[in-house]
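Take a look at the letters that make up each chain.
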Amino acid sequence: MRKHTSARLGAGLLVLGLALTACAAPKTGSSSAGTGAAAATAGGVPAKPSAPVTLDILDVAGNQKLTGPMVDAFVKAHPDIISSVKWESAGAPDLVGTIKPQVDSKNLKVDLVMTGTDGLSAGIGQNLWIPIAKDYASQLSNMKNYLDPAAKMQDLAQGFGVVTTYYPSGPLLQYDPAVVTDVPKTPEALLAWAKAHPGKFGYARPANSGPGRTFLMGLPYMLGDKDPSDPVNGWDKTWAYLKDLGSTISTYPTGTGQVISNMADGTWAMVPTTTGWDINPRALGQEPKTIAAAPFDSFTWVTDAHYAVIPKGQSADKVSAILNLLQYMLTPEVNAMAYDTGYFYPGPAVKGATLDKAPAKSQQTIKDFGRDWYDALIDKMPKAVPLTPDQMVKAFDIWDREVGSGKFKAK
């Protein structure tokens, strides 16, 4: 299973093919795009690199299989822009420690980072990313076609990243129907069930888990807290609830993979989940097909996204290649590859990237492992962006100290 790491933001922070037929280079939105490699665009970056470049991509969000086919299709269609790509993967906690020395020494070995909100926030806090979406907006005109929730996720990037994929996330519940016969529909009912079945409900440390983080940020909306955007002064009900719920939980894994293992082997019978983390483990055979899922009666989707970010100090030629690549990835026919095996369901960030445009394998996976109530629920229920980077760090710190203390091992 691909990792969807929602990681601790690291010591030193503030506690923080689809074969396409197109042969021409993707439109850059620049009037000088057709004048050759020497034609300058915004910020002195040429419309195309002076020679094909190689790209080293660092993936800290389990993003390679989600957007890797998009990159492969671009390289195949445009070898005059990118000659080859090398992918590396790492955990989001390691991102700053990897990139900051390279930026500080002006010796970049990583050209492009694919990350979630955690790595995006960490890099913003350490001044590691170039303001790609702000400085090169004209070359990224396809960003104008974002779905509305994806556009709101783009706003979170403060210009320093480009949304490549999006999903409504959760929180939802996943459960073993052989054990859970009366599925909770409210947080209060979930608490009562957990107290009646101690040790059978759990979730991972939010700083290391997308579903854990989504559950954490979704509770203030369900519990009617004063300000869901302020974990310090507006989450009194949420923190009290999580402490009470924690009395039934002996340990918090530091990764979602262990949560899936606990469900698969019967250690746990119910966990908070997201659309993607419900579909993907069953599609990959890492959970039984019989595992079921259900929504809360009343909740707000806490949305999520993946971002492309560029370390500061990048060469003009490589920035040019990356801009061309991202513009291409944000076309509907290409972005539809994000349906993948349901990991980020639905996945696409742009309008028109519908399931019928996805690869046949993805269409079959969604047919076999999706839920027939997902799409209607996505349309019906309200959506909210995650906490801002600084508030997310504060929320993780409070949870670590007041809820999970002594029950997890920090990486």
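For the structure itself, consult the block above.
No experiment lies behind these values; they were computed from the predicted model shown.

Novice: Before we move on, could you go through the pattern of salt bridges and cite the residues and values that matter?
Specialist: Evaluation of the coordinates by the stated rule reveals 13 salt bridges. A salt bridge links Asp80 to Lys48, with the shortest nitrogen-to-oxygen separation between them at 2.5 Å. One end of the pair, Asp80, is in the loop between helix 1 (64-77) and strand 2 (82-89); the other, Lys48, is in the segment before strand 1 (53-59), with 32 residues separating them in the sequence. For Asp80, a relative accessible area of 35% translates into the label partly exposed. Its salt-bridge partner being Arg401, residue Glu402 comes within 3.9 Å of it at the nearest N-O pair. A single network of salt bridges, built from pairs that share partners, joins Lys243, Asp397, Arg401 and Glu402.

Novice: I'd like to hear about the layout of surface pockets, residue by residue, with values.
Specialist: What the largest pocket holds in volume is close to 320 Å³. Looking at the largest pocket, it is lined by 18 residues, and the ones nearest its centre are Leu147, Tyr339, Pro346, Ile378 and Asp379. Counting only elements with at least two residues in the lining of the largest pocket, the list comes to strand 4 (162-170) and helix 14 (374-380). With three residues, the top contributor of residues to the lining of the largest pocket is helix 14. Taken together, the residues that form the lining of the largest pocket break down as 12 nonpolar, two polar and four charged.

Novice: I'd like to hear about the environment of Leu66, residue by residue, with values.
Specialist: Turning to its location among the elements, Leu66 is positioned in helix 1. With relative accessibility at 0%, the residue Leu66 sits in the buried group. Spatially, the C-alpha atom of Leu66 lies 9.7 Å from that of Asn335, the residues being 269 residues apart in sequence. Those residues in contact with Leu66 that lie beyond four places of it in its chain are Thr165, His306, Met337, Ala338, Asp340, Tyr343 and Phe344.

Novice: Talk me through the nonpolar core; I want residue IDs and the actual numbers.
Specialist: Within the largest apolar cluster, 66 residues are counted, with the highest numbers of intra-cluster contacts made by Ile82, Ile99, Val113, Trp129, Ile132, Tyr146 and Val162. The leading source of residues in this core is helix 11 (residues 316-329), at eight residues. Setting aside residues up to four positions removed in sequence, Ile99 forms contacts with Leu58, Val110, Val113, Leu128, Trp129 and Pro311. Listed in part, the 51 residues of the second largest apolar core include Val183, Leu190, Met270 and Val403.

Novice: Quick one: what's the story with the environment of Ser89, residue by residue and with numbers?
Specialist: With respect to the helices and strands, the residue Ser89 is situated in strand 2. Taking the C-alpha atoms as reference, Ser89 lies 9.4 Å from Met114; in sequence the two are 25 residues apart.

Novice: Tell me about the packing of helix 7 (residues 210-223) against helix 15 (residues 389-403), and name the residues and values.
Specialist: It is the contact of helix 7 with helix 15, at a shortest axis distance of 12 Å, that shows an interaxial angle of 100°. Taken together, the axis directions place helix 7 and helix 15 in an arrangement best described as roughly perpendicular. On helix 15, the residues that touch Arg213, Leu216 and Met217 of helix 7 are Met392, Ala395, Phe396 and Trp399. Partitioning the contact of helix 7 with helix 15 into residue classes produces six nonpolar, no polar and one charged.

Novice: Kindly report on the pairing of strand 6 (residues 270-273), identifying the contributing residues and their values.
Specialist: In strand 6, alternate side chains face the same way, and those of Met270 and Pro272 on one face and Val271 and Thr273 on the other are all buried. Summarising the sheet, strand 5 (residues 172-175) and strand 6 pair through four bridges and their orientation is antiparallel. Looking at the pairing, Leu172 lines up with Thr273 of strand 6.

Novice: Give a detailed account of the sheet that holds strand 7 (residues 292-294), specifying residues and quantitative values.
Specialist: Ordered by their spatial adjacency, three strands build an open sheet running 6-5-7, and the pairing between neighbours is antiparallel. Each edge of the sheet is formed by a strand with only one pairing partner; in this case those strands are strand 6 and strand 7. Across this sheet, the average inter-strand angle for adjacent strands is 30°, counted without regard to direction. Helix 10 (residues 275-283) rests against strand 5, strand 6 and strand 7 of the sheet, and its axis sits at about 25° to strand 5.

Novice: I'd like to hear about helix 15, residue by residue, with values.
Specialist: Taking 1.5 Å per residue as the helical rise, helix 15 with its 15 residues ought to reach 21 Å, and the 20 Å between its terminal C-alpha atoms agrees with that figure. Restricting attention to buried positions, one finds in helix 15 the residues Pro389, Gln391, Met392, Val393, Ala395, Phe396, Ile398, Trp399, Asp400 and Val403. Taken together, the buried residues of helix 15 touch helix 3 (117-125), helix 7 and helix 8 (236-246).

Novice: If you had to explain the packing of aromatic side chains to someone new, which residues and values would you point to?
Specialist: Following the criterion strictly, the structure yields 16 aromatic pairs and no others. With a centroid separation of 6.1 Å and 65° between ring planes, the pair formed by Tyr203 and Trp399 is classed as edge-to-face. On the criterion of sequence distance, the pair formed by Tyr203 in the loop between helix 6 (187-196) and helix 7 and Trp399 in helix 15 is long-range, its members being 196 residues apart. By the burial criterion, Tyr203 is buried, and Trp399 matches it. Ring plane angle 75° and centroid distance 5.0 Å describe the contact between Trp373 and Tyr374, whose orientation is recorded as edge-to-face. One aromatic cluster is present, formed by Phe201, Tyr203, Phe215, Tyr252, Trp399 and Phe408 through successive ring pairs.

Novice: Outline helix 13 (residues 360-369), listing residues and values.
Specialist: All of the buried residues along helix 13 are Ser362, Thr365, Ile366 and Phe369. Buried residues of helix 13 fall within an arc of 95° about the axis and therefore sit on the same side. Exposed residues lying more than 90 degrees from the buried face of helix 13 are Ala360 and Lys367. Check the buried side of helix 13 and you find it contacts helix 10.

Reading the values: rules and limits
- Note on numbering: residues in each chain are counted from 1, in written sequence order.
- In view of the model being predicted, local features appear only for residues whose pLDDT reaches at least 70, and side-chain atom pairs are presented and counted only at 80 or more, with totals across whole chains, interfaces and linings using the full set of residues.
- No hydrogens and no water enter the side-chain calculation; it runs on all heavy atoms of the structure.
- Within this document, salt bridges are pairs made up of a side-chain nitrogen of Lys or Arg and a carboxyl oxygen of Asp or Glu, the two lying within 4 Å of each other.
- In this description a helix means any DSSP run of H or I spanning at least four residues, a strand means any run of E spanning at least two, and both kinds are numbered starting from the N terminus.
- Summary of the burial criterion: residues with accessible area below 20% of their type's maximum are buried, those above 50% are exposed, and those between are partly exposed, where the area comes from a 1.4 Å probe applied to protein chains only.
- Using a 1 Å grid laid over the protein atoms alone, points where a 1.4 Å probe fits but cannot get out form a cavity; open sets with protein on both sides within 12 Å along at least 5 of 7 lines form a pocket; any residue with an atom within 4 Å of a point counts as lining.
- Grid points are joined across faces, edges and corners, and a volume is the space filled by probe spheres set on the points.
- Under the scheme applied here, ten amino acids are nonpolar (Ala, Val, Leu, Ile, Met, Phe, Trp, Tyr, Cys and Pro), four are charged (Asp, Glu, Lys and Arg), and all others, including Gly, are polar.
- For this analysis, residues touch if any pair of their heavy atoms sits within 4.5 Å.
- As used here, the term nonpolar core means buried Ala, Val, Leu, Ile, Met, Phe, Trp, Tyr and Cys residues forming a set that is joined through side-chain atoms within 4.5 Å.
- Note on method: axes are straight lines fitted to C-alpha atoms, helices fitted across the in-contact stretch only, with angles between N-to-C directions ranging 0 to 180 degrees.
- Roughly parallel means an angle under 35 degrees; roughly antiparallel, over 145; roughly perpendicular, 65 to 115; everything else is oblique.
- A pair of strands counts as paired when DSSP detects no fewer than two bridges linking them.
- For a helix, the expected span equals 1.5 Å multiplied by the residue count minus one.
- Working definition: a ring pair exists when centres of Phe, Tyr or Trp rings (six-membered ring for Trp) sit within 6.5 Å. Plane angles under 30 degrees give stacked, over 60 give edge-to-face, the rest tilted.
- Throughout, the arc means the angular range of directions from the helix axis out to the C-beta atoms.

It is worth stressing that arrangement in space is one thing and function is another; only the former is reported here.
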